[in-house]
Amino acid sequence: VLRTHLIGNHSVTVIFQEPDAPRFNPENIHSHCQGVFIIVRVHQPCTQHTCYSLAVFRCRGIPPFGPSIPPGWMLPASSAFRDFLLTKIINATHATCKSESFVTMATCARQEQLKQLVETFVTLTPLDCSNVRFSFISLVGKKKERLAPQPQAYLHSAGALTWSVTVQDPSSSAAVACQLAISSSLVVLIEEVGRKVVFNCFCRDVIGWSAAHGSFKLFYQHGLCVAFSTRDGRWEDSQEITQRLQLVTQGGTAANITLRRNRLGQLGFHINSEGVVADVDAHGFAWQAGLRPGCRLVEICLVAIVTLSHEQMIELLRTSRNVTAVVLPPHGDGTPRR
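First, a word on scope: everything that follows refers to the structure included in this document. Remember, it's a predicted structure, so these values are computed and weren't measured experimentally.

### Focus on the overall build of the protein
Part 1 of the reasoning: Looking only at helices and strands, the protein has 6 helices and 18 strands in total.
Part 2 of the reasoning: For the protein, buried positions account for 33% of its 338 residues.
Part 3 of the reasoning: Within the protein, contacts between residues at least 6 apart in sequence are counted, and of these 48% link residues at least 24 apart.
Part 4 of the reasoning: Accessible area for the protein stands at about 21900 Å²; split by element, carbon and sulfur atoms hold 55% of it.

Structural data, given as structure tokens:
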């Protein structure tokens with residue numbers, strides 16, 4: 001409304017010409033608002049060979065705009081020609097708005113509009129803030145309340161956070177000092193002395209973890225595991241690592257459960273070849289221990305599932321006297337973590 005009233009919405013003008021029309025001269029039109037003329041000339045009208053040619057005139061100060069028109073270019077009457085013409089008009093409007101003359105007119109228009117608003121609507125009558133009608137208006141400056149900093153906001157960082165941990169070397173049983181780094185996309189263990197990467201995986205591959213007394217087991221992919229412990233068993237570090245994993249991965253906290261047998265010697269559940277629980281007898285001992293369909297067993301009797309075949313899993317569950325397991329709960333929709 002402001003531009004139409006004070007500047008004009010005719011900065012781009014499209015002129016249609018018949019074949020016998022004289023050449024268009026922009027000097028015949030006296031308007032300081034019109035900056036671009038697009039001339040459309042028809043050739044062989046009202047026939048099967050009707051086509052159109054285009055020419056463009058722009059005032060000084062208006063930058064060039066596309067799409068370009070090749071010399072001698074003509075296009076038959078079609079949707080492609082309409083789209084080309086519409087694109088040319090839109091780009092001409094944008095180019096006009098960037099010209100110095102248009103910016104000057106727009107500035108003057110805004111000043112004029114503000115002047116009209118002040119003359120028409122401003123009042124010198126003071127407002128009574130005690131009046132109920134204006135109780136929502138406060139003319140007394142309020143002290144801006146400081147927002148309390150979010151506790152442990154650094155855990156939400158996209159970059160890597162590091163903790164000093166110890167990793168047990170499986171080949172020599174020696175403790176290796178490492179730095180655990182967890183970013184928004186990677187989990188990495190870096191040896192402190194040699195600066196070598198001893199472990200890395202994507203956060204999306206992490207399926208769960210277990211933590212007890214500063215010792216960690218991180219499970220990834222289909223149940224592979226890497227173990228490490230915090231320096232001096234620091235409880236604060238264990239809490240931070242757990243919270244960081246909860247923020248950047250889709251994994252869950254593993255549970256250690258003990259499975260009892262019924263009077264028939266059965267455990268009351270079935271697992272598939274990946275160690276995922278297929279079904280559980282309702283209200284049996286396994287159900288009472290927290291086992292549900294979709295749970296993933298990552299360890300059975302301290303043996304990693306990834307090292308066992310399906311037959312070996314069944315045999316271990318069937319013959320072990322005391323059956324213990326490390327279990328990862330399913331996702332909220334019941335699907336197993338993988």
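So that's the structure; there's more coming.
### A word on the sheet that holds strand E9 (residues 206-212)
Part 1 of the reasoning: In spatial order, the strands read E8-E7-E6-E5-E11-E10-E9-E12; together these 8 strands make up an open sheet with mixed pairing. The open sheet terminates on both sides in strands that have one partner only, identified here as strand E8 (197-202) and strand E12 (252-253).
Part 2 of the reasoning: Sheet topology note: the strand E10 (residues 215-220)/strand E11 (residues 224-230) ladder contains 6 bridges and is antiparallel. The residue of E11 that forms the bridge with Phe219 is Cys225.

### A look at the sheet that holds strand E18 (residues 323-328)
Part 1 of the reasoning: With antiparallel pairing, the 4 strands of this open sheet are ordered in space as E13-E18-E16-E17. Each end of this open sheet is capped by a strand with a single partner; those strands are strand E13 (255-259) and strand E17 (303-304).
Part 2 of the reasoning: Summarising the sheet, strand E16 (residues 296-300) and E17 pair through 2 bridges and their orientation is antiparallel. Note that in E17 the partner of Ile300 across the bridge is Val303.

### A few points about unusual backbone geometry
Part 1 of the reasoning: Gly66 connects to Pro67 through a cis peptide bond whose omega is -5 degrees.
Part 2 of the reasoning: Positionally, Pro67 belongs in the loop between strand E3 (51-58) and strand E4 (75-76).
Part 3 of the reasoning: You will see that Cys46, though not glycine, has its phi angle at about 60 degrees, which is positive.
Part 4 of the reasoning: For Cys46, the position within the fold is in the loop between strand E2 (36-43) and E3.
Part 5 of the reasoning: Using a relative accessible area of 82% as the deciding quantity, one classes Cys46 as exposed.
Part 6 of the reasoning: Despite not being glycine, Gln221 has its phi angle at roughly 55 degrees, a positive value.
Part 7 of the reasoning: By the secondary structure assignment, Gln221 is in the loop between E10 and E11.
Part 8 of the reasoning: Gln221 sits in the partly exposed class, given a relative accessible area of 36%.

### Some details on the packing of aromatic side chains
Part 1 of the reasoning: Inspection of every chain in the model, using the stated rule, returns 6 aromatic pairs.
Part 2 of the reasoning: Seen from their ring centres, Tyr52 and Phe81 are 4.8 Å apart, and the 10 degrees between their planes marks the pair as stacked. Taken together, the residues Tyr52 in strand E3 and Phe81 in helix H2 (residues 79-97) connect sequence positions 29 residues apart.
Part 3 of the reasoning: Relative to Phe84, the ring of Trp73 lies with its centre 4.8 Å away and its plane at 35 degrees, an arrangement referred to as tilted. Taken together, the residues span a long stretch of sequence, with Trp73 in the loop between E3 and E4 and Phe84 in helix H2 at a distance of 11 residues. Assigned by exposure class, Trp73 and Phe84 land together as buried.
Part 4 of the reasoning: An aromatic cluster of at least three residues, connected via ring pairs, comprises Phe24, Phe37 and Phe57.
Part 5 of the reasoning: Over the aromatic face of Phe285 sits the side chain of Arg260, whose NZ or CZ is 4.0 Å from the ring centroid.

### Quick word on the nonpolar core
Part 1 of the reasoning: In this structure, Leu180, Val187, Leu189, Leu218 and Phe228 are the most contacted members of the largest nonpolar core, which totals 23 residues.
Part 2 of the reasoning: Put simply, the parts of the chain that give this core at least two residues each are strand E5 (161-168), strand E6 (175-182), strand E7 (186-191), E8, E9, E10, E11 and helix H4 (235-248).
Part 3 of the reasoning: Among the elements that make up this core, the one with the highest residue count is E5 (4 residues).
Part 4 of the reasoning: Each residue touching Val187, except ones within four places of it in the same chain, is listed here: Leu180, Ala181, Ile182, Phe199, Asn200, Cys201, Cys203, Val206 and Leu218.
Part 5 of the reasoning: Of all hydrophobic cores here, the second largest spans 20 residues; its members include Leu297, Ile305, Leu308 and Ala325.

### Examining the pattern of salt bridges
Part 1 of the reasoning: Applying the stated criterion across every chain, the model contains 4 salt bridges.
Part 2 of the reasoning: With its nearest N and O atoms 2.8 Å apart, the salt bridge here joins Glu192 to Arg231. Of this pair, Glu192 sits in the loop between E7 and E8 while Arg231 sits in the loop between E11 and H4, placing them 39 residues apart in sequence.
Part 3 of the reasoning: Looking at Glu192, the relative accessible area reads 25%, which means it is partly exposed.
Part 4 of the reasoning: Arg231 sits in the partly exposed class, given a relative accessible area of 24%.

Conventions and cut-offs
- Residues numbered from 1 in each chain as written.
- Predicted model: local features only at pLDDT ≥ 70, side-chain atom pairs only at ≥ 80, totals over all residues.
- Heavy atoms only, no water.
- Helix = DSSP H or I, 4+ residues; strand = E, 2+ residues; numbered from the N terminus.
- Buried < 20%, exposed > 50% of the residue type's maximum accessible area, 1.4 Å probe, protein only.
- Contact = heavy atoms within 4.5 Å.
- Areas by Shrake-Rupley, 256 points an atom, 1.4 Å probe, with all protein chains shown as cover.
- Pairing = 2+ DSSP bridges.
- Phe/Tyr/Trp six-rings, centres within 6.5 Å; stacked < 30°, edge-to-face > 60°.
- Lys NZ or Arg CZ within 6 Å of the ring centre and 35° of its normal.
- Core = buried A, V, L, I, M, F, W, Y, C linked by side-chain atoms within 4.5 Å.
- Salt bridge = Lys/Arg side-chain N within 4 Å of Asp/Glu carboxyl O.

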